[in-house]
Amino acid sequence: MFFDTTIHCYDDARRIAKRRLPWMVFDYIDGTAGTGDGARRNRDAIQSIQLQPRVLNNVENRTMGAKLFDAPTGLPFGIAPMGMCNLTAPTADRLLAGLAAKHKIPVGVSTVSSTSLEDMFRLSDGNAWFQLYISRSMETAERLIARAKAVGYETLVLTVDVPEVGRRPRELRRGFKMPFRIGPRQFIDFACHPGWALPQLIKGKPEMANFGGTFGEFDREESRAGADWDLLAKIREGWTGNLVLKGVLSDLDALKAQKLGVDAVQVSSHGSRQLDSAPPAIHALSAIRQAVGPDFPLFYDSGIRSGEDIVKAYAKGADFVFAGRPFSFAIAAGGATGLRQMSDVLAQEVSITLAQLGLRKLDEITSSVFA
Ligand SMILES: Cc1cc2nc3c(=O)[nH]c(=O)nc-3n(C[C@H](O)[C@H](O)[C@H](O)COP(=O)(O)O)c2cc1C
């Protein structure tokens with residue numbers, strides 16, 4: 001129906017979000033590195049995986065829960081860290097934290113989150129994971145880690161696939177900047193999207209809430225190229241909680257991280273926002289699982305658009321799966337209702353996929369599901 005704003009699948013969320021968001025914000029979220037071929041290749045790779053239906057297995061009682069660092073989760077997916085989520089709607093961070101609290105799933109809190117890491121921990125009922133970028137100043141990183149520790153974070157996610165921010169032509173064309181600046185182009189863009197602009201006007205423009213005051217401003221363009229394995233070792237030494245290394249696509253890097261004592265590796269191409277020519281992250285997942293062995297915790301994100309995709313990532317060796325854009329677009333499309341619908345869609349799709357494969361729970365997913 002023409003005016004139906006219900007989210008029945010990821011494409012619904014993206015389509016409605018595209019209509020509602022300013023062009024600049026839509027392109028910031030949807031955009032990729034370079035030509036976008038890398039993103040397409042990863043999607044093609046995920047879509048080309050075929051699953052083998054099985055019948056008459058009595059799959060009446062199915063469960064959706066997974067295990068993350070030995071703690072049970074209510075759903076088989078989590079929310080990947082995304083900077084400046086409140087650009088979609090002033091309530092976005094709050095809604096994501098609420099979803100995490102309700103289902104006991106992790107919500108990644110970006111270094112450049114638009115709600116402070118302290119508030120996100122509280123709003124998510126302790127289900128938040130703090131994501132750290134290391135820029136030139138290790139001192140800022142140490143202070144952020146200390147804040148995360150003080151508030152009670154158990155999991156630190158170190159993102160290492162942004163030595164320099166990737167060139168994303170769609171962002172550049174729109175003049176997207178962090179901190180966020182409103183020039184004449186943006187003004188016209190926002191005026192053409194009053195449904196988005198009015199609530200933002202009332203609440204004030206989204207800020208990088210972990211910065212300001214003694215922390216100074218976060219400079220998004222600042223190089224993060226100085227990070228190395230010694231730095232990881234240092235962070236490992238100082239952080240006694242769970243340490244996740246996010247943004248790994250090479251089996252050699254995953255092995256190094258495993259040896260250095262990280263608790264998990266997150267296989268990710270940053271949603272294809274960094275290296276256009278990177279191999280499909282879903283292929284890297286299989287190779288890395290082979291390299292690190294069956295028991296080492298591996299997480300996956302990048303290009304997950306449906307419950308079938310989630311099952312495929314588990315079958316390729318993931319112990320847990322994250323998505324980013326589906327949740328942002330869902331909030332832009334329908335606020336709290338949109339987010340609930342998107343999360344329900346993914347959960348139902350996982351459940352129905354398990355039933356089609358003759359399985360009852362995530363633990364039963366193995367490579368035998370491939371057709
Ligand atoms: C708008 C946006 C902002 C992001 N910001 C961050 C960030 O601050 N830190 C980070 O580690 N990853 C960031 N990511 C990458 C996500 O954590 C994740 O790797 C990616 O979104 C997964 O791909 P998907 O969006 O296709 O699900 C961002 C992604 C998007 C779309």
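Data block above holds the structure.
Residues numbered from 1 in each chain as written. Predicted model: local features only at pLDDT ≥ 70, side-chain atom pairs only at ≥ 80, totals over all residues. Heavy atoms only, no water.

S.K.: Any details on helix α2 (residues 23-30)? Residues and values, ideally.
M.R.: The buried count for α2 comes to seven of eight residues, which makes it a mostly enclosed element. Tucked into the core, α2 has its buried residues touching α1 (10-20), α7 (169-174), α8 (184-191), α9 (194-203) and α14 (325-356). (Buried < 20%, exposed > 50% of the residue type's maximum accessible area, 1.4 Å probe, protein only. Helix = DSSP H or I, 4+ residues; strand = E, 2+ residues; numbered from the N terminus. Contact = heavy atoms within 4.5 Å.)

S.K.: Please set out the side chain of histidine 193 residue by residue, giving values where relevant.
M.R.: The topology assignment puts histidine 193 in the loop between α8 and α9. Of the residues examined, histidine 193 reaches a relative accessible area of 8% and is grouped as buried. Only 3.3 Å separates the side chain of histidine 193 from the backbone oxygen of leucine 21, close enough to count as a polar contact. The contact partners of histidine 193, leaving out residues within four places of it in the chain, are Arg19, Arg20, Leu21, Pro22 and Trp23. (Polar contact = N/O pair within 3.5 Å; in protein donor to acceptor, adjacent residues only side chain to side chain.)

S.K.: With reference to specific residues and values, describe the site of the ligand.
M.R.: Close to the ligand lie 23 residues; Pro81, Ser110, Thr159, Asp301 and Arg305 are nearest. Note that a nitrogen atom of the ligand is positioned 3.0 Å from one of the backbone N or O atoms of glycine 83. Residue serine 268 places a side-chain N or O atom 3.4 Å away from an oxygen atom belonging to the ligand. When the ligand is considered free in solution it has 590 Å² of accessible area, and contact with the protein chains removes 98% of it. A class-by-class count of the residues in the shell around the ligand yields eight nonpolar, 10 polar and five charged. (Near = heavy atom within 4 Å. Areas by Shrake-Rupley, 256 points an atom, 1.4 Å probe, with all protein chains shown as cover. Nonpolar A, V, L, I, M, F, W, Y, C, P; charged D, E, K, R; others polar.)

S.K.: Account for the pattern of salt bridges, with residues named and values stated.
M.R.: Taken as a whole and assessed by the stated rule, the structure comprises 17 salt bridges. Of the charged contacts, one joins arginine 174 and aspartate 27 as a salt bridge, the two residues approaching to 2.7 Å between their closest N and O atoms. Highlighted residues: arginine 174 in helix α7 and aspartate 27 in helix α2, separated in sequence by 147 residues. Of the charged contacts, one joins aspartate 30 and arginine 170 as a salt bridge, the two residues approaching to 3.0 Å between their closest N and O atoms. Placement of the pair is aspartate 30 in helix α2 and arginine 170 in helix α7, with a sequence separation of 140 residues. One salt-bridge network, in which partners are shared between bridges, spans Arg14, Asp27, Asp30, Arg170 and Arg174. (Salt bridge = Lys/Arg side-chain N within 4 Å of Asp/Glu carboxyl O.)

S.K.: Would you mind going over the packing of helix α3 (residues 37-47) against helix α12 (residues 281-292) in detail, with residue names and values included?
M.R.: Pairs of packed helices are described in terms of their axes, by the angle between the two and the distance that separates them. In contact at an axis separation of 7 Å, α3 and α12 are set at 60 degrees when each is read in the N-to-C sense. One finds that α3 runs oblique with respect to α12. Residues Asn42, Ala45 and Ile46 of α3 touch α12, and the partners they reach there are Ala281, Ile282 and His283. In terms of residue class, the contact of α3 with α12 is made up of four nonpolar, two polar and no charged. (Axes fitted to C-alpha atoms, helices over the stretch in contact; angles between N-to-C directions. Parallel < 35°, antiparallel > 145°, perpendicular 65-115°, else oblique.)

S.K.: Any chance you could break down the environment of isoleucine 282 for me, citing the residues and the numbers?
M.R.: Within the fold, isoleucine 282 resides in helix α12. Distance from isoleucine 282 to serine 268, taken between C-alpha atoms, is 8.4 Å for residues 14 residues apart in sequence. When neighbours within four sequence positions are excluded, isoleucine 282 is seen to be in contact with Asn42, Ala45, Ile46, Ile49, Tyr300, Ala313 and Lys316.

S.K.: Go over unusual backbone geometry with me, naming the residues and quoting the values.
M.R.: Of note in the backbone geometry, leucine 56 takes a positive phi value of approximately 55 degrees without being a glycine. Residue position: leucine 56 is located in the loop between α3 and β1 (66-68). Overall, the relative accessible area of 87% leaves leucine 56 in the exposed class. The phi dihedral of serine 302 is positive, around 115 degrees, even though this residue is not glycine. Of note, serine 302 is situated in the loop between β9 (298-300) and α13 (307-315).

S.K.: Which residues make up the packing of aromatic side chains, and what values do they have?
M.R.: Under the definition given, this model contains 15 aromatic pairs. Note on phenylalanine 69 and tryptophan 129: the rings are 5.9 Å apart at their centroids and 40 degrees apart in plane angle, and the pair reads as tilted. Of this pair, phenylalanine 69 sits in the loop between β1 and β2 (71-73) while tryptophan 129 is found in strand β5 (residues 128-132), placing the two residues 60 residues apart along the sequence. Looking at phenylalanine 69, the relative accessible area reads 26%, which means it is partly exposed. Through a chain of ring-to-ring contacts, the aromatic side chains of Phe69, Trp129, Phe299, Phe320 and Phe322 assemble into a single cluster. Over the ring of phenylalanine 215 we find arginine 147, and its NZ or CZ is 4.9 Å from the ring centre. (Phe/Tyr/Trp six-rings, centres within 6.5 Å; stacked < 30°, edge-to-face > 60°. Lys NZ or Arg CZ within 6 Å of the ring centre and 35° of its normal.)

S.K.: Residues and numbers for the nonpolar core, please.
M.R.: In summary, soluble globular proteins display a tendency toward joint burial of nonpolar side chains. Leu132, Tyr153, Ile235 and Tyr300 are the most contacted members of the largest nonpolar core, which totals 116 residues. Apart from residues no more than four positions distant in its own chain, tyrosine 153 is found in contact with Val109, Leu117, Met120, Phe121, Ala128, Trp129, Phe130, Ala148 and Trp239. (Core = buried A, V, L, I, M, F, W, Y, C linked by side-chain atoms within 4.5 Å.)

S.K.: Could you give me a rundown of a negative patch on the surface, with the residues and numbers involved?
M.R.: Negative charge collects at one region of the surface, where Glu207, Glu217, Asp219 and Glu221 lie side by side. In this structure, glutamate 217 sits in the loop between α9 and α10 (229-238). (Patch = residues over 30% accessible without salt bridge, like charges linked within 9 Å, V, L, I, M, F, W, Y side chains within 5 Å. Lys, Arg positive; Asp, Glu negative; His and termini not counted. Charge placed at Lys NZ, Arg CZ, Asp CG, Glu CD.)

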